[in-house]
Structures are given as C-alpha cells and as structure tokens.
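Chains, contacts and geometry: an overview
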There are 2 protein chains.
Amino acid sequence: MPIGYSTLPDLLPVAGVRLASVAAGIRYQDRDDLVLMELAEGSRCAAVFTRNAFCAAPVIVARQHLAARQPRYLLINSGNANAGTGAAGLQDAQQTCALLAGKSGCAAEQVLPFSTGVIGERLPVGRVEAALDAGLAGLAADGWEAAAHAIMTTDTVAKGLSRTFTAGGRQFTLTGMVKGAGMIRPDMATMLAYIACDARVEAGALQQCLEQAVAQSFNRITVDGDTSTNDACVLVATGAQDKPVIQAGSEEYEALCEAVRAACVTLAQLIVRDAEGATKFVTVRVEQGRDAAECLQVAYTIAHSPLVKTALFASDPNWGRILAAVGRAGIEALDIDRIAIFLDDVCIVRDGGVAAEYREQDGQRVMSQDEIVIRVLLGRGDISEQIWTSDLSHDYVRINAEYRT
Amino acid sequence: MPIGYSTLPDLLPVAGVRLASVAAGIRYQDRDDLVLMELAEGSRCAAVFTRNAFCAAPVIVARQHLAARQPRYLLINSGNANAGTGAAGLQDAQQTCALLAGKSGCAAEQVLPFSTGVIGERLPVGRVEAALDAGLAGLAADGWEAAAHAIMTTDTVAKGLSRTFTAGGRQFTLTGMVKGAGMIRPDMATMLAYIACDARVEAGALQQCLEQAVAQSFNRITVDGDTSTNDACVLVATGAQDKPVIQAGSEEYEALCEAVRAACVTLAQLIVRDAEGATKFVTVRVEQGRDAAECLQVAYTIAHSPLVKTALFASDPNWGRILAAVGRAGIEALDIDRIAIFLDDVCIVRDGGVAAEYREQDGQRVMSQDEIVIRVLLGRGDISEQIWTSDLSHDYVRINAEYRT
C-alpha cells in the first residue's frame with residue numbers, strides 16, 4: 001500500500017487530448033498494456049528524458065521526433081522497455097511509429113514512442129501493430145483513468161491527478177498521470193509521466209516551464225539512487241480552447257508554471273509513496289546552506305545512506321547515522337559545531353552534538369510516523385533544498401533479489 | 001562466516017612492540033575490550049584518519065598527539081566509540097592518555113587513543129583507569145592475537161596477518177590487525193587497523209608509505225558507502241633491530257612500501273569478507289578509462305547500486321542493472337557502443353548491448369560463486385582501477401534495522 005495515497009482520483013478531460021488503452025498482449029495477460037494519446041493539431045509538446053548514457057531505443061527515437069515535427073500521438077507500452085536491444089530495438093521503435101502514422105494519416109515523426117518494462121527483450125512489434133486499430137477507434141477524452149492503469153508495471157496503484165488553475169482571469173485544466181515505483185524497479189525501466197493542459201504556449205516557453213518543474217520535483221526524489229534507462233516526462237499544451245498564447249515571463253506564464261510545478265511535485269511524491277517495499281515517506285530538508293548544490297549534496301547523502309534508510313525502516317531515531325552522513329557529505333570547511341538536526345519538530349542534534357533537551361521517546365514518537373521530515377541546519381548560509389525518499393526494508397531486498405523470471 | 005577466510009593465522013611478534021589485552025568492562029562482559037600497544041623508544045608512527053567531518057574525540061586527540069611527540073603507547077578500547085560526545089568526550093579521551101602516561105612515565109602526548117563501539121555514550125574513564133595496571137603488567141611481544149580479538153565489536157572473526165619481507169638483503173617482519181565489518185556497522189564506529197614492522201624509517205617517509213598503501217586498499221573498499229566517525233589506520237616502524245634507516249626513494253623503501261601495500265590490501269579485503277550480511281566478495285575492476293577518477297566513479301556507482309547489490313545476493317546475472325549503473329555514473333562523453341562488461345571470464349555486454357555469444361547459464365554459473373569479478377571496459381583510455389565490495393542481503397537489513405538497545 002502506498003503511504004498517504006490510496007486510489008486514483010477522478011481525472012478530468014483536457015480539451016485537445018484523447019486517449020485509448022488496449023490489451024495488446026505485449027507481456028501481460030488480461031490487462032491493457034498499450035496507450036494511444038492523441039494531441040489536437042497545434043498542440044505544443046515539451047519533454048525531459050533520462051540522463052542515463054544507456055538510454056533505451058524509444059528515448060532516442062522520441063528525442064529525434066520531438067525535434068523534427070509537432071507530435072500528434074504518444075504511443076506508450078508497458079511490459080517491455082525496449083532497452084539494451086541495440087540497432088534492432090531502434091528499428092522496432094521506429095516501426096511502431098511508422099505503423100501508427102500510416103493508420104492515422106500523420107508523419108512517423110509526429111509519433112513519440114515510450115516503453116517501460118523488462119530490459120533486454122525485443123519489442124513484439126506485431127502485437128503492437130495488431131492493437132492499433134482498436135486503439136484509434138477507442139480514443140476518448142475521458143480515457144485518462146484507463147491509461148493511468150495501462151502504463152503501470154510493478155506499481156501497486158495507478159497514479160494521477162487533475163487540477164484547475166486560473167491565469168489571466170481564465171480557467172485551465174491540467175491532468176497528469178505517472179508510473180514508477182522507486183527510481184527503478186527490478187529490471188523495469190521505469191518512470192514515465194504525462195501531463196496535459198489546455199493552455200496555449202509556445203514550445204520554447206513550454207520546455208522551460210517543464211524543465212523548471214522537473215528540477216523541483218522528479219529530480220528531487222530518490223528511492224535507491226538508481227536512474228532508469230527509459231525515464232521520460234512529457235508536458236502537452238493543447239491550446240485547444242483557442243485562448244491567447246501565454247507568453248514566457250507574463251503573469252499568466254508564472255501561474256501556469258506554478259500549476260505545472262505543483263502537479264509535478266505531487267506526481268513525483270506519488271512515486272516515492274509507492275516505492276518498493278517502502279513503509280515511510282521521508283522529506284529531507286537541508287537549510288542554511290551556501291548554495292543549492294551543497295544542500296542537495298547533504299540531502300542525497302542522507303537519503304542514500306543504507307544505514308539511515310534501515311534506521312527509518314526500524315523507526316529508530318538513530319541520530320548518529322544522520323550525523324555521520326552529514327559529516328561525510330564532502331562539504332568543504334563544514335563547521336560541525338554549527339549544525340542542528342531535527343526530526344519534525346524534535347531537535348536531536350544542536351551545536352554538533354546531541355541536543356541537551358533531547359529525549360529518546362520524542363525521537364521515537366516522530367520515527368514511528370508514516371511521514372517524517374528530517375531537517376538539517378548547516379548554519380552557513382540562507383539557501384534551502386528538499387528532496388523526498390523512502391526507507392530500506394526487508395521487502396526492498398526481497399523484491400529486488402527475486403529472480404527475473 | 002566471512003567469505004574465503006575462516007580463522008586468525010599465527011601473528012608474529014615485531015621487535016619493539018609489546019601488547020596487552022584486558023577486560024575493562026567498558027561495555028562487554030567476560031571479554032577483553034582494552035588494548036595497550038607499547039612502542040619501543042625511537043619508533044616512528046604514521047596514521048591516516050577518517051575524513052568524516054564529524055570525527056570522534058579520540059581521533060581529534062590522536063591527531064594532536066601524533067603531531068606533538070613521538071608516541072610510546074596506543075590505547076585502544078572497543079564497545080564505546082566516544083563519538084558525538086562533545087567537549088566532555090574530548091576531556092575523557094585526554095584523561096585516559098594522561099592516566100596511562102602517569103602510570104608508564106611518558107608524556108600524555110605520547111599516548112594515542114582509539115575507540116570503537118557505540119556512538120553517543122560517555123566513555124567510562126574510571127573503568128579504563130582501573131584496567132591500566134593490569135595492562136602495563138601484561139605487555140608481551142606475543143600479544144597480537146589477543147589484541148586482534150579485543151578490538152572486535154560486531155566482527156564475526158578476528159582479522160590479522162603476518163608477513164616477512166626482504167629489503168636490501170635484510171629480512172623484516174610485518175604484523176597487522178584490523179577490525180571492522182562493513183565501512184560502518186550499526187552504530188559501531190568502525191574501522192581500526194594497526195600495522196607494525198621492525199624497519200627503521202623516518203616519519204615523513206613512513207607517512208607517505210602509509211598514505212599510498214591506504215589509497216590502494218582501505219580507500220578501495222565499500223560495503224554500504226558509509227564512512228565512520230572513528231576510522232583510523234596506524235603504521236609503526238620500530239627500527240628496533242638497529243638496522244640502517246630506510247631512505248625514501250631507495251630500493252629498500254620500495255620493498256617496504258610494497259609489503260605495506262600488500263598487507264593493507266589483504267586487511268582491507270578481510271573487512272569486506274566479514275561485511276554485514278555479506279554472502280559475496282566482489283571485485284569491481286574498471287579498465288580502459290582516461291584517468292583513475294573516472295574508473296573509480298564507474299566502479300563505485302556499480303558497487304553502491306542497491307539493485308546491483310541485490311542481484312549479487314540473488315546470484316542473478318542481471319546485466320541490465322550493471323549497464324544502467326555504468327550509464328548513470330556521470331562520465332562525460334561516454335560512448336556506450338565501446339563498452340564491454342564481463343562477469344569473470346564471461347562477456348555479458350559488448351559494443352553497448354548484450355553480447356551475441358552470451359548465454360544465461362554462463363552468467364548464472366559465475367554469479368553462483370562466492371567470489372566474483374565484475375570487469376567493465378570503457379574503451380577510452382588505458383587506466384585501470386579496482387575496488388572490493390559485498391552484496392546487499394536480507395541480513396544486512398536485519399542487522400541494521402535491529403534496534404540499538
């Protein structure tokens with residue numbers, strides 16, 4: 001069960017987007033595993049992809065197609081990542097685009113392919129092809145919920161949200177869905193996020209909006225520090241309601257960016273809430289740093305420490321492990337005598353040592369919660385950063401040690 | 001049970017070193033927990049300490065004393081790390097040095113204190129004091145084996161070695177002991193290593209010899225990426241056999257350095273072999289890099305990946321996880337099409353994709369072994385580096401999630 005999230009809320013249609021989900025039999029039986037997402041003509045599309053040097057075939061093709069033309073379709077499959085498949089995998093990804101283009105009457109470069117699932121197996125292109133007609137026939141504005149289910153792999157729950165927001169006196173709708181459970185699931189190449197809104201925005205401004213949002217959301221979560229070969233986040237602005245273009249730098253643009261950022265933060269947190277074997281949702285906030293880089297360095301050192309993560313799993317207010325992680329984060333000229341560490345509102349370390357007023361039962365109370373904030377005050381500046389992570393449980397090892405078959 | 005190591009071998013006396021182990025009752029019952037190591041007058045002493053900014057009180061005092069005077073005694077206790085204890089902890093460490101100095105007739109600055117054990121509790125100075133007379137009375141040249149046991153905390157086995165080596169036609173004896181199991185055990189502030197030989201070397205040359213050796217040994221192991229607050233490695237050259245001084249840069253010096261390096265590598269590997277919950281001893285060797293830094297970056301990314309570590313535990317030849325770790329190591333302009341990955345002699349990845357000749361059963365065979373070499377060829381230079389690590393098992397989580405009490 002995810003932490004603090006139980007079930008998919010109602011997802012509102014976004015004018016200019018239609019979706020269909022089909023059971024193509026790519027890997028799973030008796031469930032949808034192929035999603036077509038149709039974007040109205042004139043839609044703008046921004047995307048951020050994995051920085052892993054070993055990126056999957058669909059990532060390479062999607063990048064190329066996005067640069068070449070305005071996309072009209074996103075073609076997403078679960079069950080097979082088409083990663084580690086070499087030149088043949090690239091051809092497979094291109095071929096699925098060409099097939100959908102042929103049937104729908106657009107150019108192959110107007111189709112962006114996305115895959116998530118097992119690494120190292122060829123994508124069964126024939127099964128994708130056989131499912132396309134049903135997909136095109138089934139496109140509907142209210143297809144978001146079925147799609148949020150169809151893109152799942154080892155997620156325990158479908159994840160998405162809808163928001164309305166006002167910009168320049170007009171109301172807009174934003175709907176998003178995400179899959180992923182941990183930065184990477186066992187052999188599942190992993191995070192995919194799709195967000196659409198009905199605003200009209202130029203491509204450059206939209207890309208900037210997405211990159212800023214991702215920096216503060218999907219790039220601020222970590223489960224195990226592993227980055228997948230297939231990660232992608234797509235933001236669509238359909239402009240379908242024929243409203244004026246939102247210009248970069250305008251007040252309307254700021255409202256849009258804030259809505260996208262908030263949606264990305266919630267969607268990113270949903271991944272951590274559904275992380276492998278997670279029993280805790282943990283915010284690591286580092287304050288009073290000289291710059292964002294050193295705040296993040298400390299935050300990730302804490303979040304990646306197996307000792308901190310097992311202490312979180314054990315609900316053990318083990319301040320020695322947090323303190324040791326801060327100490328080895330590699331911050332230059334760190335004055336340990338100025339450091340304070342809090343678990344929620346409980347001060348555990350002050351002036352570099354255990355706080356005089358600290359009582360084990362207070363730390364124990366916070367650590368027993370499902371959701372915990374670890375706050376570290378560096379005492380050397382006024383910059384803050386925060387990231388979100390989970391604990392390291394028996395189930396994490398069990399899930400990841402189970403043999404692939 | 002450690003991997004490929006069962007029991008402490010005979011440890012040879014080193015002329016100029018006498019040791020005693022005493023049951024001081026610092027934390028443990030019915031076992032020795034305090035070691036006195038006496039160095040003959042004129043001995044030279046080199047040391048490398050933790051780089052963790054939160055270093056323990058004994059580390060601060062040992063550093064100061066080492067800089068001030070020639071040490072005559074090492075005073076080592078297990079069961080209590082005297083870490084996170086603030087100003088009071090510093091006084092405690094200084095007081096134990098002063099007490100031993102008073103009883104033995106040297107200056108307090110000639111005593112180096114070392115502590116390992118639980119973090120955040122005051123060192124019971126009275127119990128140390130009460131044990132010093134018995135310690136001084138019990139000093140003996142053949143005290144190494146008892147000492148190797150007395151410095152253990154959660155180690156499952158005592159760890160040490162002896163070697164003789166020839167330099168300039170003369171034979172020397174080198175004996176070392178180490179404690180630590182994982183870079184850090186739960187709340188146990190962790191790695192201590194003591195190596196002595198009967199060569200005569202000036203302090204500067206000895207320090208250089210140790211630093212080079214540590215760089216290739218203790219700084220090349222990782223269990224969970226955590227660095228303790230108390231780590232220390234000491235190298236003593238007693239010169240007790242009244243042989244000529246070994247000069248830096250000489251052939252004799254190279255022979256000494258090689259002997260120290262080899263001893264450090266073996267001792268460092270013993271820590272990994274006895275790592276928490278470890279079922280595999282894994283060498284990660286990265287070849288054909290442009291420089292050592294990028295080789296180590298790739299090696300540590302693999303060694304710290306929880307997904308690779310759980311695959312090792314599961315004996316799963318999961319090349320997708322190793323490949324993904326290489327891809328996210330952050331190497332600039334990495335050409336994935338030139339990369340090859342081997343498990344021992346089995347090629348699993350070539351030219352950036354799964355090797356044509358690879359068969360799952362071959363990978364399975366290697367992964368089922370207790371000791372495994374993961375070799376990554378980057379295809380962009382001629383530098384190699386290697387590190388040693390262990391897997392991530394159910395027992396790792398169990399050991400580290402158990403509550404402190």
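Residues numbered from 1 in each chain as written. Chains lettered and ligands numbered in written order. Predicted model: local features only at pLDDT ≥ 70, side-chain atom pairs only at ≥ 80, totals over all residues.

The next subject is the overall build of chain A. Looking only at helices and strands, chain A has eleven helices and 17 strands in total. Compactness check: chain A gives a C-alpha radius of gyration of 22 Å against a globular reference of 22 Å for 405 residues, within 12% of the reference. Counting only C-alpha atoms and orienting by the principal axes, one finds that chain A spans roughly 70 × 55 × 35 Å. Expressed as a percentage of the 405 residues in chain A, the buried residues total 59%. (Helix = DSSP H or I, 4+ residues; strand = E, 2+ residues; numbered from the N terminus. Rg over C-alpha atoms; globule rule 2.2 N^0.38 Å. Buried ≥ 20, exposed ≤ 12 C-beta atoms within 10 Å, placed from the backbone.)

A few words now on helix α2 (residues 86–104) of chain B. All names here are of chain B. Helix length check: α2 (19 residues) gives 28 Å between terminal C-alpha atoms against 27 Å at 1.5 Å per residue, within 8%. Gly89, Asp92, Ala93, Gln94, Thr96, Cys97 and Leu100 are the residues of α2 that are buried. Two residues or fewer after α2 comes Gly105, characterised by a positive phi angle close to 85°. (Expected span 1.5 Å × (residues − 1).)

Let us now look at the sheet that holds strand β6 (residues 159–167) of chain B. Residue and element names in this part refer to chain B. One open sheet holds the five strands; their spatial order is β3-β11-β9-β7-β6, and the pairing between them is mixed. The strands lining the two open edges of the sheet, one partner per strand, are β3 (44–49) and β6. On average, each strand axis in the sheet is tilted by 15° relative to the strand beside it, whichever way the strands run. The pairing of β3 with strand β11 (residues 232–237) spans six bridges and is classified as antiparallel. If you follow Val48 over to β11, its bridge partner there is Cys233. Across the sheet, helix α1 (residues 57–68) lies against β3 and β11, angled at about 145° from β3, the strand it touches most. The strands touched by helix α5 (residues 203–215) within the sheet are β3 and β11, with β3 carrying the most contacts at an inclination of about 35°. (Pairing = 2+ DSSP bridges. Axes fitted to C-alpha atoms, helices over the stretch in contact; angles between N-to-C directions. Contact = placed C-beta atoms within 7 Å.)

To continue, consider the environment of Arg200(B). All names here are of chain B. Along the chain, Arg200 falls in the loop between β9 (192–197) and α5. In this structure Arg200 comes out as buried when scored by C-beta crowding, with 21 C-beta atoms within 10 Å. What Arg200 contacts, discounting residues up to four positions off in sequence, is Ala237, Gly239, Lys243, Pro244, Val245 and Ile246.

This part is about the packing of helix α11 (residues 394–401) of chain A against helix α8 (residues 306–313) of chain B. At a closest axis distance of 8 Å, the pairing of α11(A) and α8(B) adopts a crossing angle of 70°. In terms of their interaxial angle, α11(A) and α8(B) are classed as roughly perpendicular. Regarding α11(A) and α8(B), the two cross each other, and that crossing is right-handed. The segment α11(A) lies against α8(B), with Val397(A), Asn400(A) and Ala401(A) engaging Pro306(B), Leu307(B), Thr310(B) and Phe313(B). Within the contact of α11(A) with α8(B), the residues separate by chemical class into five nonpolar, two polar and no charged. (Parallel < 35°, antiparallel > 145°, perpendicular 65-115°, else oblique. Left-handed = near helix turned anticlockwise from the far one by under 90°. Nonpolar A, V, L, I, M, F, W, Y, C, P; charged D, E, K, R; others polar.)

Glancing now at the domain arrangement of chain A. All names here are of chain A. According to the domain assignment, chain A contains domain 1 (17–273) and domain 2 (281–401). On the side of domain 2, eleven residues touch domain 1, which itself brings nine residues to the contact. At the level of secondary structure, the elements contributing two or more residues to the side of domain 1 that touches domain 2 comprise β10 (221–222) and α6 (251–273). For the side of domain 1 that touches domain 2, the element with the most residues is α6, which contributes three residues. Among the residues forming the side of domain 1 that touches domain 2, the class breakdown is four nonpolar, three polar and two charged. (Domains from an automatic or database assignment.)

Two pairing modes exist for strands in a sheet, parallel and antiparallel, and in both the strands are linked by backbone hydrogen bonds. All names here are of chain A. Judged by pairing direction, the sheet is mixed, and its five strands sit side by side in the order β3-β11-β9-β7-β6 without closing on themselves. The open sheet terminates on both sides in strands that have one partner only, identified here as β3 (44–49) and β6 (159–167). Looking at each pair of strands side by side, their axes are set apart by 15° on average, direction ignored. Pairing analysis gives nine bridges linking β6 to strand β7 (residues 170–179), with the strands arranged antiparallel. Paired with Leu161 across the strands is Gly176, a residue of β7.

A few words now on the interface of chain B and chain A. Across the boundary between the two partners, chain B contributes 41 residues, which contact 41 residues of chain A. Contributions of two or more residues to the side of chain B that touches chain A are made by α8, α9 (319–327), β15 (353–354) and α11 (394–401) of chain B. Ranked by residues supplied to the side of chain B that touches chain A, first place goes to α9(B) with five residues. Grouping the constituent residues of the side of chain B that touches chain A by class yields 18 nonpolar, 16 polar and seven charged.

One finds Val260(A), Met37(B) and Val260(B) to be the most contacted residues of the largest nonpolar core, which totals 276 residues. Other than its neighbours up to four places away in sequence, Met37(B) contacts Val17(B), Leu19(B), Tyr73(B), Leu74(B), Ile76(B), Ala147(B) and Tyr194(B). (Core = buried A, V, L, I, M, F, W, Y, C linked by C-beta atoms within 7 Å.)

The operation relating the two chain copies consists of a rotation about an axis and a shift along that axis. If you rotate chain B by 180° and push it 0.0 Å along the axis, it lands on chain A with an RMSD of 0.0 Å. Here the symmetry operator amounts to a two-fold rotation axis. Proximity to the rotation axis, assessed at the C-alpha, singles out His394(B) in chain B; its C-alpha lies 3.1 Å from the axis. Comparing interface residues between copies, 100% of those in chain B also sit at the interface in chain A, which points to an isologous, same-surface contact. (Least-squares fit on C-alpha atoms with pLDDT ≥ 70 in both.)

Residue and element names in this part refer to chain A. Of the two faces of strand β13 (residues 340–343), only one is covered, namely that formed by Ile341 and Leu343; the face formed by Ala340 and Phe342 stays uncovered. Pairing of β13 with strand β16 (residues 371–377) involves four bridges; the strand directions are antiparallel. Across the sheet, Phe342 pairs through a bridge with Arg375, a residue of β16. As consecutive antiparallel partners, β13 and strand β14 (residues 346–350) are separated by two residues, and within that stretch Asp344 has a phi angle of approximately 50°, a positive value.

Another point: unusual backbone geometry. Residue and element names in this part refer to chain A. You will see that Gln288, though not glycine, has its phi angle at about 60°, which is positive. Inspection of the secondary structure assignment puts Gln288 in strand β12 (residues 281–289). When the 17 C-beta atoms within 10 Å are taken as the criterion, Gln288 is described as partly exposed.

Another point: the pairing of strand β14 (residues 346–350) of chain B. Residue and element names in this part refer to chain B. Relative to β14, strand β13 (residues 340–343) runs antiparallel, the two sharing three bridges. Following the sheet pairing, Ile341 is matched in β14 by Val349. Taken together, the two bridges between β14 and β15 define a ladder with antiparallel strand orientation. Paired with Val349 across the bridge in β15 is Val354.

Once that is clear, we can look at the environment of Thr156(A). Residues and elements named next belong to chain A. Mapping Thr156 onto the fold places it in the loop between α4 (144–150) and β6. Since 13 C-beta atoms lie within 10 Å of it, Thr156 is described here as partly exposed. Here Thr156 is in contact with Met1, Pro2, Ala181 and Asp274, once residues within four sequence places are set aside.

Reading predicted coordinates in detail is not appropriate for stretches of low pLDDT. Summary statistics for chain A give a mean pLDDT of 92 and a share of 97% for residues scoring 70 or more. Scored as a complex, the prediction yields pTM 0.85 and ipTM 0.79. (pLDDT = per-residue confidence, 0-100.)

Attention now goes to the environment of Cys45(B). All names here are of chain B. Topologically, Cys45 is positioned in strand β3. C-beta crowding within 10 Å serves as the criterion here: with 23 such atoms nearby, Cys45 is assigned to the buried category. In sequence terms Cys45 and Ala24 are 21 residues apart; their C-alpha atoms lie 26 Å from each other. In this structure, Cys45 is in contact with Leu39, Leu66, Pro71, Val234 and Val236, ignoring residues within four places of it in sequence.

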